[in-house]
Amino acid sequence: MDMDHNETSTEIKTAMHTWRYRHHFTYKADQGKNIIVQCNLCLPKVNLLSTSKTSTSNLKKHLDRKHLGCEDKVDGVKRGRKKEHNGEASGQLKKIKAEIISKSLTQSKIDNLVFNFIMEDCQSFQILEQPGFRKLVEGLTEGRISLDRLTLFTKVDLVFSNMREELMAKLNNVQYVCTTADIWTANNRSFFGMTCHWIDTDSLERKSAALGFAQLQGRNTYDTIAGRIHDIHVAYNIESKVQTTVTDNGSPFVSVFKEFSIDNQDTDDDIGFFENVASILEGESEQDMLLFLPTLQRCASHTLDLIVAEDFWQAVSQGPMCQLHYSTMAKVFAIWSKSHHLQVAMDAAEDIGKMALVVPSVIRWNVEYCVVQKIVSLTERELIELCARLEVSGLQPEEMAFLREYATVFKPLAFALELFQAEQKCYLGLVIPTILSLKNKLNEQKATAHYFDDVINAIVVAIDVRFQDLFASPEAKIATATTPQFRLWWMSHSEREEMCSVLATEASQIQLCCKTEVNTSQNLAPIESEDDFFSYGPVKPAIQVHQQGAMEEIHKYLEGTGKSLECLQDFPRVKQLFFKYNTTLPSTAPVQRLFSHKGNLVTSQPGLTDDYYERIQLLRYNSNVCSLITE
C-alpha cells in the first residue's frame, strides 16, 4: 500500500510537474488511473476533484468555469517580475552608457565639436545662446553643457594663434610663394581677400592657405590697397619669397602694381611710399614706409572672360546674325531665369536651375554656356514641354541650329576656362599651351561654321592682342618648358635651340648657388702646393664644369617623354626651375572661393568685430592645411 502510494505520488509529480497552475490544487488520494485533488481557490468550501494521472484537462476546465481570470493573475505576476527585471537591466544599461559617454566625450571634446560646427558652417555666435541648441547639446551628451559666447571668443583667439604659428612655420620652409588678391563688393560692403600658394617639395602637390579677409572702410585708394598687400606679406614674412601676385584685370590692381611693383621702379624717384593716414590724422609723427610689391600676374581666366564679354559681343553686334543671336539668347535667359524661381517637376528645369551664379566667380560666361549645352541636349519633346511649363516662347528650328553650333564652336573655350579654374593641378606653364590649343581648335571650326565664322576670327585676333604680353614673357616660357607635359613640344623648331640655352643658363645659376655653399667648407682643406696658395692666374674651370652638367641635364630632360611631374625627381635642376616659375597660379579662382561658402556669399555677422570676422573666415579656409583642434 505504501509502495502504491509512493508510485502514485511519483506519477502525480510527473503529471503535474510542467503545469503552470498546479499551485491551485492539493493532492488528496489515489483512485486507480485517476487522482483526487482539492481546489485551493474554492476554500473555505471543500471541493474535491478527480482527474487523470497523465492529464490536467479536467482541472483546467474547472478553473475556466469557476475561477476565470486566475490565469491573468499569474501572468500579471510574471509580467511584473519580468518588467521589474527589465527595469533593473535598463537602469544598468543607462549607467554603463553614461559612464562610457563620460569617459569618451569629455567637455573639451564637446567644445571642440561645437567650435568646428561654428567655424566650418559659418554659423552665427548667437546660436550658442539659443535654448534649443543648448538643450540639444545637453540631450546628446547626457547633461553636459555647450560652451558660451565668451568661451568661444577665447577659443577663437587661441586656435587662430596656433593656426598662424603653424602656417608661418610651413611658409618658413618654402622657397617660392605665389599670392592672389581681390576685392569683392556686395551689399554696400567691400572685402579684401588674399591667399598664398606653394608647391610641396616632396609630393609636388600644391598647397594653399588664406592670409587675409578684411572689410574695407572708406575709399579703396591705390595707397590703401598697396599697403594691405605689403602688410600681409610682411606679417607672414614672405615678402622676399613671393614670385608674383595674381589679380584680375581691374584698373585698381593694375594701377597699384604699376605704381608700386619692383619691376616698374627704375629709379629712386619712382619708388612708392606708403603713409599711414590714420596716424597722421591722430597727430602721430611717422616716417614713410617704403613699399615693395612683387610682379603682377594677370588672371588668365578673367582675360578669357573679357574676350567673351567684350570682343565676342562686339563681333556679334556687327555681324549679319545679330538679330538671330539676340532673339535666341533672350529665350535662353528666360528659361534660365524662370528655372530658378518656378517649381517645375522636370529634371531639365532642376538641372538648369542649379546653374545659378550666386557667388563670386570669374567664369560668368561659362555658366551661360552650360545652360546652352543643357538646352541643346534635350529632345524636341522635352524642350517643348519645358517651355510650356515655364511659359516661355519656344525655340524655332533656326534658333536651335544656332545654339547647336554655338555649343560646338565654343566648347574649347569653355574647356580652357575650366582648366584655368583648377587649383591643385594648374600652373603658369599651362597657360601658353592652352591658349595655343584654343586658337587651333577655333580655327578648325571655321571650315564648318555657318553662323560664327566672323566671330571666330574676331576671338582669335583678340586672343593674340590680350595675351601678347604672356607670349613674350620669359617667365611664362620657362614655366611651360619645365612642365613635363609640354617641355618644348609647343615651340617651333627654330625657337627650341634658343630656349634650351636659356634653360641651361637658368639651371647653371641654381646649381652654382648650391655648389657655393657646399664648397665653402671644402676650401678649408690644407694647402698642398703653391698653386693652392696663390690665387693669381687663370680661374679654374669649375663654373664651366657646372654649366656643362646643367646643359647635359637639360638635354636629357628635353629628350624625355614622361608627362608626369614625378619625372622631375630625376632632374634636380629642372625641378628647382619648376618650383621657381610654376608656383605662380594662372587664375584668381582661389581667392574668389574665399568670398563664398557652399554657394553663398560670405557676409559679416552681427555682433562680431571686423577682426574676429576675419579670423573666423581664415580658420574656415585653412582647416585643410592647418590643425584647428586644441585640447
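Residues numbered from 1 in each chain as written. Predicted model: local features only at pLDDT ≥ 70, side-chain atom pairs only at ≥ 80, totals over all residues. Heavy atoms only, no water.

1. Notes on the overall build of the protein chain
Stated formally: Helix and strand labels come from DSSP, where a helix needs a run of H or I of at least four residues and a strand needs a run of E of at least two; each type is numbered from the N terminus. Throughout this description, buried means an accessible area under 20% of the type-specific maximum (1.4 Å probe, protein chains only), exposed means over 50%, and partly exposed covers the range between. In this description, contact between two residues means that some pair of their heavy atoms is separated by no more than 4.5 Å. All accessible-area figures derive from a Shrake-Rupley calculation using a 1.4 Å probe, and residue coverage is judged against the displayed protein chains alone.
Each helix and strand counted, the protein chain has 26 helices and 12 strands in total. Within the span of the protein chain, comprising 631 residues, buried residues form 45% of the whole. Intrachain contacts of the protein chain at a sequence separation of at least 6 include 68% that bridge at least 24 residues. Surface exposure of the protein chain reaches about 34800 Å², of which carbon and sulfur atoms provide 52%.

2. Overview of the pairing of strand β5 (residues 189–199)
We apply this condition: When DSSP finds at least two bridges between two strands, those strands are taken to pair.
Taking burial as the measure, the 11 residues of β5 include 10 buried ones, the bulk of the element. Judged from the nine bridges that link them, strand β4 (residues 177–186) and β5 form a sheet pairing that is antiparallel. Note on β5: the bridge partner recorded for C178 is H197. What sits between β5 and strand β6 (residues 206–216) in their antiparallel hairpin is a turn of six residues, with L204 showing a positive phi close to 60°.

3. Brief notes about the side chain of T434
Our working rule: Any pair of nitrogen or oxygen atoms within 3.5 Å is treated as a polar contact; in protein, a donor-acceptor pairing is required on top of that, and neighbouring residues in sequence qualify only through side-chain atoms on both sides.
Examined against the element boundaries, T434 turns out to sit in helix α17 (residues 431–445). Here L430 takes part through its backbone oxygen, which lies 2.6 Å from a polar atom of the side chain of T434. Residues in contact with T434, not counting those within four places in the same chain, are A416, L419 and F420.

4. Concerning the nonpolar core
Generally speaking, soluble globular proteins have nonpolar side chains that are buried together. For clarity, the cut-off: What makes a nonpolar core is a set of buried Ala, Val, Leu, Ile, Met, Phe, Trp, Tyr and Cys residues whose side-chain atoms join them at distances within 4.5 Å.
Ranked by size, the top nonpolar core spans 83 residues in total, and within it L304, F312, W365, L403, F410, F452 and V455 carry the most contacts. Ranked by residue count, the leading element in this core is helix α10 (residues 300–318), at seven residues. When neighbours within four sequence positions are excluded, F312 is seen to be in contact with I307, H325, Y406, F410, F452, V455 and I459. Core analysis: the next-biggest nonpolar cluster, separate from the first, contains 59 residues, I183, I229, Y613 and L619 among them.

5. Remarks on the sheet that holds strand β3 (residues 48–52)
Formally: Axes, fitted as lines to C-alpha atoms, cover a helix only where it is in contact. Angles between the N-to-C directions of the axes lie from 0 to 180 degrees.
Spatial strand order, β1-β2-β3: three strands in an open sheet with antiparallel pairing. Because the sheet does not close on itself, it has two edges, and the strands there are β1 (25–31) and β3. Here the strands of the sheet are splayed against their neighbours by 35° on average, with no regard to which way each runs. Pairing of β1 with strand β2 (residues 34–39), which is carried by six bridges, proceeds in the antiparallel orientation. Paired with T26 across the strands is Q38, a residue of β2. Across the face of the sheet, helix α2 (residues 57–66) comes into contact with β1, β2 and β3 while running at roughly 140° to β3.

6. Description of the pattern of salt bridges
Formally: Between Lys or Arg on one side and Asp or Glu on the other, a salt bridge is scored when a side-chain nitrogen of the former is within 4 Å of a carboxyl oxygen of the latter.
A full pass over the atoms with the stated rule returns 12 salt bridges. Residue K60 is joined to D64 by a salt bridge in which the shortest nitrogen-to-oxygen separation is 2.9 Å. Taken together, the positions of K60 and D64, both in helix α2 and four residues apart, correspond to about one turn of that helix. In this structure, the salt-bridge partner of D157 is R615, at a minimum N-O distance of 2.6 Å.

7. Details of the sheet that holds β4
On the basis of which strands lie adjacent, the open sheet formed by five strands has the order β6-β5-β4-β7-β10 and mixed pairing. Looking at the sheet topology across the chains shown, the edges are occupied by β6 and β10 (295–298). Strand-to-strand twist of the sheet, defined as the mean angle between neighbouring strand axes without regard to direction, takes the value 25°. The strands that helix α6 (residues 149–172) touches are β4, β5 and β6; relative to β5, the one it contacts most, it runs at about 45°.

8. With respect to a positive patch on the surface
Selection rule: Patch membership requires over 30% relative accessible area and the absence of a salt bridge. Like charges are linked within 9 Å, and nonpolar side chains (Val, Leu, Ile, Met, Phe, Trp, Tyr) within 5 Å. For the charge count, each Lys or Arg is scored as positive and each Asp or Glu as negative, with His and the chain ends excluded. A charge is said to be at NZ when it belongs to Lys, at CZ for Arg, at CG for Asp and at CD for Glu.
The grouping of K45, K61, R65 and K66 at the surface amounts to a positive patch. Relative to the helices and strands, K45 resides in the loop between β2 and β3.

9. Some thoughts on the confidence of the model for the protein chain
The cut-off we apply is this: Each residue gets a pLDDT score, which is the predictor's confidence in that residue and runs from 0 to 100.
Mean pLDDT over the protein chain stands at 77; residues scoring 70 or higher make up 75%. Low confidence marks residues 1–12, where pLDDT is under 50. Its contacts with residues over four positions away, or in another chain, come to eight contacts.

10. Looking at unusual backbone geometry
With an omega of 10°, the peptide bond between L43 and P44 qualifies as cis. Non-glycine residue N237 carries a positive phi angle of around 60°. Within the secondary structure layout, N237 lies in the loop between α7 (222–235) and β7 (242–247). Look at R487: it is not a glycine, yet its phi comes out positive at around 50°. Structurally, the position occupied by R487 is in the loop between α20 (474–481) and α21 (493–522). Among the residues examined, R487 registers a relative accessible area of 1% and is labelled buried.

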